[in-house]
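What follows is the residue order along each chain.
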Amino acid sequence: MKQMDMPTDDLPTPERRNEPAEVAALSIKGVSHSYGSRVALDDISFAVAPGTFTALLGLNGAGKSTLFSLITRLFGVQRGSIRIFGHDIGRAPGEALRVLGVVFQPRTLDLDLSVMQNLLYHAALHGIGRREARVRADEVLAQIGLSDRNASKVRDLSGGQMRRLEIARALLHRPRLLLLDEPTVGLDVKARADMLGHVRRLVSEQGIGVLFATHLFDEIAEGDDLVVLHQGRVLAQGRLPHILAQSGARDLHAAFMRLTGTAADASAP
Amino acid sequence: MTTDAIKPRPGFSLTQYAVCMNGIVWREGLRFLHQRERFISALVRPLVWLFIFAAGFRQVLGISIIPPYETYILYEVYITPGLMAMIQLFNGMQSSLSMVYDREMGNMRTLLVSPLPRWYLLFCKLLAGTAVSVLQVYAFLLVAWFWDIEPPHIGYLTVLPALLLSGLMLGALGMLISSGIRQLENFAGVMNFVIFPMFFASSALYPLWRVQEGSPVLAYLCQLNPFTHAVELIRFALYGRVNWVSLAVVGGCAVVFMIAAAVAYDPSRGIGRHGPAGGET
């Protein structure tokens, strides 16, 4: 059976503690992507440091989903490079994907299967055997408060529960970088707050790096790293105060409008 | 606290490959159990052909003794292998349909972000679909048995490898087609341009020597049709014999279709060209 390609540069040791701080959880350099003549991403560069929360802010159509598709290798990288903990997604996809957890924007659970069956399937896709998978599934279900629902069909869960389950599933193989593509869309206010709190705890308590795509300004906190994506280009990046200072605006909403030159009416939750 | 099952060293062990295959086949089986309508329609379709079409045509078409048959046979007996292959053809196309349908890449995404090599994931998926089609075929054979379609007992066993191979070929073809279909509506096109021509321009419903009498060109086309060879491979295997030409054609086509499907799902070539599904960017 074919072994996965080794990345050409030095591998960081997988133990979090021993890792040199300079290896980014996610490093995107000079990435461009077009569909035929339509340019979806134009020379994007930014990085997500390990154990930090980075918000990718952009309106619908800014290129967020294209970027996610590139990071998860659904599309090939046309220009530039994407590295996850130093592993190039094109050259060492296996090593890159095994430390990556993803929650896609569309729901990707099997509605007719039970909560546990969904988790076991995902674990199998990562080569995690049945016994180990059950132990881990119990752990992640306890974390999201769904332990008593493990035999329920996913169809019977609420929207918020499904989203929490998707996050739990993405964590089963213990990734060190978690991508979430507008995970709060379609959730009510409480479910949104719960999910956001859960994701932030993953960052602070488990040291997981998070890239959180959103078009909702109120999901961004003071200490977050922020990348503003608009029409396929990065308009600004840095901490919120930095971006406010850069654009000379009082709040993020105004800053966004000034940066993009649009009425950001799509930003209302 | 549990220890990590995935060791941090690069690459994956054979056990992990096996776990992955097991998981994919298991999920396909569960989904199949949950979709009873799919199972019933997969069973009813060939039975309609057997009970109605074959009964009607029995008087019209006389079948002479041709290999692998050693006596005169009823028309029902003749078309049974064709209907078995038809089950697999529909199943292959239906898995391709479900691949398109899975929320326009929804469930496919879960599969494709697995760190195991993509060709291997697709192969497991293919194997899972084939396993389901084989179950459907045996269910059909069981009902057909009550209709006096009684191949030799050993045939039920010897037909298994033939079914696996033809299932892989037709499933790989479906997968290849699915990589090119972006919208569900296009499945009607698949019916018209793939399923019907493949089924009718084959030896499933009439022996090729009969076709030859009517239209030599059509007979030639039938011989080029890989589905004809799937039918003949199954027909011979059901009577404990091997049709070597068909075996070579089906095996060769299976490999070619599988490689083509793997290439089509390669991110740098196939999927990336079409842009994201559902019009999102």
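The model shown is predicted, which means the values in this text are computed figures rather than measured ones. (Residues numbered from 1 in each chain as written. Chains lettered and ligands numbered in written order. Predicted model: local features only at pLDDT ≥ 70, side-chain atom pairs only at ≥ 80, totals over all residues. Heavy atoms only, no water.)

Engineer: Which residues make up the overall build of chain B, and what values do they have?
Structural biologist: On a plain count of helices and strands, chain B comes out with twelve helices and zero strands. Counting from the amino terminus, chain B carries its helices and strands in the arrangement α-α-α-α-α-α-α-α-α-α-α-α. Out of the 281 residues in chain B, the part that is buried amounts to 54%. Within chain B, counting contacts between residues at least 6 apart in sequence, those at least 24 apart form 78% of the total. Surface summary for chain B: the accessible area is close to 12,300 Å², and the carbon and sulfur share equals 68%. (Helix = DSSP H or I, 4+ residues; strand = E, 2+ residues; numbered from the N terminus. Buried < 20%, exposed > 50% of the residue type's maximum accessible area, 1.4 Å probe, protein only. Contact = heavy atoms within 4.5 Å. Areas by Shrake-Rupley, 256 points an atom, 1.4 Å probe, with all protein chains shown as cover.)

Engineer: Just give me the short version of the sheet that holds strand S4 (residues 79–84) of chain A, but keep the residues and values in it.
Structural biologist: All names here are of chain A. Spatial strand order, S2-S1-S4-S5: four strands in an open sheet with antiparallel pairing. Because the sheet does not close on itself, it has two edges, and the strands there are strand S2 (38–48) and strand S5 (87–88). Alignment of strand S1 (residues 26–35) against S4, held across five bridges, turns out to be antiparallel. Bridge pairing links Leu26 to Ile84 in S4. In the packing of helix H1 (residues 64–71) onto the sheet, the strands contacted are S1, S2 and S4, and the crossing angle to S1 comes to about 115°. (Pairing = 2+ DSSP bridges. Axes fitted to C-alpha atoms, helices over the stretch in contact; angles between N-to-C directions.)

Engineer: Please give an account of the packing of aromatic side chains that cites residues and values.
Structural biologist: Residue and element names in this part refer to chain B. Counted under the stated rule, the structure contains 17 aromatic pairs over all chains. For the pair Tyr75 and Tyr78, a centre-to-centre distance of 6.5 Å together with 15° between the ring planes defines the contact as stacked. Residue Tyr75 and its partner Tyr78 are located together in helix H3 (residues 75–101), separated by three residues, close to a single helical turn. This pair shows no difference in class: Tyr75 is buried, exactly as Tyr78 is. (Phe/Tyr/Trp six-rings, centres within 6.5 Å; stacked < 30°, edge-to-face > 60°.)

Engineer: Give me the pairing of S1 of chain A: which residues, what numbers.
Structural biologist: Buried residues dominate S1 of chain A, accounting for seven of its ten residues. Where S1 of chain A hands over to S2 of chain A, the hairpin turn is made up of two residues, of which Gly36 of chain A adopts a positive phi near 60°.

Engineer: So what about the sheet that holds strand S10 (residues 233–239) of chain A? Which residues, and what values?
Structural biologist: All names here are of chain A. With respect to topology, six strands assemble into an open sheet ordered S6-S7-S8-S3-S9-S10, the strand pairing being mixed. A single partner strand is all that each edge strand has here, and the edge strands are strand S6 (100–103) and S10. Strand after strand, the sheet turns through a mean of 15° between neighbouring axes, direction not considered. Taken strand by strand, helix H6 (residues 189–206) contacts strand S3 (53–57), strand S7 (177–181) and strand S8 (209–214), and its axis lies near 150° from that of S8.

Engineer: Account for the environment of Ala49 of chain A, with residues named and values stated.
Structural biologist: Residues and elements named next belong to chain A. In this fold, Ala49 is placed in the loop between S2 and S3. Separated by 36 residues in the primary sequence, Ala49 and Phe85 have C-alpha atoms spaced 9.4 Å apart. Filtering out sequence-adjacent residues up to four positions away, Ala49 remains in contact with Ala25 and Gly209.

Engineer: Describe the pairing of S4 of chain A, with residues and values.
Structural biologist: Looking down a regular strand, the side chains alternate between one sheet face and the other. Residue and element names in this part refer to chain A. Across two bridges, S4 lies against S5 in antiparallel orientation. Opposite Arg83, over in S5, you have Asp88 as the bridge partner. Count of turn residues in the S4/S5 antiparallel hairpin: two residues, of which Phe85 carries a positive phi of about 45°.

Engineer: Explain a nonpolar patch on the surface to me, using residue names and the numbers behind them.
Structural biologist: Together, Val217, Leu218, Tyr220, Leu221 and Leu224 of chain B make up an exposed nonpolar region whose accessible area comes to about 500 Å². Since its relative accessible area comes to 46%, Leu221 of chain B is described here as partly exposed. (Patch = residues over 30% accessible without salt bridge, like charges linked within 9 Å, V, L, I, M, F, W, Y side chains within 5 Å. Salt bridge = Lys/Arg side-chain N within 4 Å of Asp/Glu carboxyl O.)

Engineer: Account for the pattern of salt bridges, naming residues and giving values.
Structural biologist: The final tally for this structure, using the stated rule, is 18 salt bridges over all chains. Put simply, Asp112 of chain A and Arg155 of chain A hold a salt bridge, and the shortest N to O gap is 2.8 Å. Residue Asp112 of chain A is located in the loop between S6 and helix H3 (115–125), and its partner Arg155 of chain A is located in the loop between helix H4 (130–143) and helix H5 (159–171); the two are separated by 43 residues in the primary sequence. What makes Arg155 of chain A partly exposed here is its relative accessible area of 47%. A salt bridge links Arg174 of chain A to Glu139 of chain A; its shortest N-O distance comes to 3.4 Å. Here the residue Arg174 of chain A occupies a position in the loop between H5 and S7, and Glu139 of chain A occupies one in helix H4, the gap between them amounting to 35 residues. What you see here is one network of salt bridges that share partners, running through Asp110 of chain A together with Arg27, Glu28, Arg31 and Lys125 of chain B.

Engineer: Now, about the confidence of the model for chain B: what can you tell me, with residues and values included?
Structural biologist: All names here are of chain B. Taken as a whole, chain B shows an average pLDDT of 83; of its residues, 85% reach a score of 70 or greater. For chain B, the element scoring lowest by mean pLDDT is helix H12 (residues 270–274), at 43; helix H10 (residues 226–238) scores highest, at 96. Counting interchain partners and residues more than four positions distant, the pLDDT-below-50 stretch residues 1–7 has 19 contacts. Scored below 50 in pLDDT, residues 270–281 shows 34 contacts in the model against residues more than four places distant or in partner chains. (pLDDT = per-residue confidence, 0-100.)

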